[in-house]
Amino acid sequence: PYEGMATRIISGGVRPGTSDEILWLETSSPGLRGQSGGPVFDTAGRVWGIQSMTRHLPLGFSPSIQKNGVTVEENQFINLGWCAHVKAVLSFLDQHGVNYYRAEDTV
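What you see is a predicted model; the values in this text were computed from it and never measured.

Rules used in this analysis
Residues numbered from 1 in each chain as written. Predicted model: local features only at pLDDT ≥ 70, side-chain atom pairs only at ≥ 80, totals over all residues. Heavy atoms only, no water. Helix = DSSP H or I, 4+ residues; strand = E, 2+ residues; numbered from the N terminus. Contact = heavy atoms within 4.5 Å.

1. Details of the environment of alanine 84
- With respect to the helices and strands, the residue alanine 84 is situated in strand S7 (residues 77–85).
- Along the chain, alanine 84 and valine 70 lie 14 residues apart, while their C-alpha atoms are 42 Å from each other.
- Discounting chain neighbours no more than four positions away, the residues touching alanine 84 are Leu23, Trp24, Trp48, Gly49, Ile50, Ser52 and Val89.

If you want it as structure tokens, here you go:
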């Protein structure tokens, strides 16, 4: 496993026909094959999001390297995980009448 540190929250606008903001939780590590749909949680086991995709963001530099005697340009990217934010998950559960407990409800 990677460290999966939360790096930022990204707004994707508003869901059509609602007032619900579309939020993504970005993590410092990419989602690996098969992790989509899995939880992103903190050290206390609280779910903060659901792994949804890996984003490949260009870093803005492309060094040249020799590969089999040919000079090729290597584009550099950072690979980050994007997760459906817990607010979106709770909104979905509410819309479909699914019961759940929040950490603050159990204190």
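2. Quick look at the environment of glycine 81
- By the element assignment, glycine 81 lies in strand S7.
- Glycine 81 sits 20 residues away from tyrosine 101 along the chain, and the two C-alpha atoms are 26 Å apart.
- Not counting chain neighbours up to four residues away, the residues in contact with glycine 81 comprise Leu25, Glu26, Thr27, Ser29, Pro30, Gly31, Gln51 and Met53.

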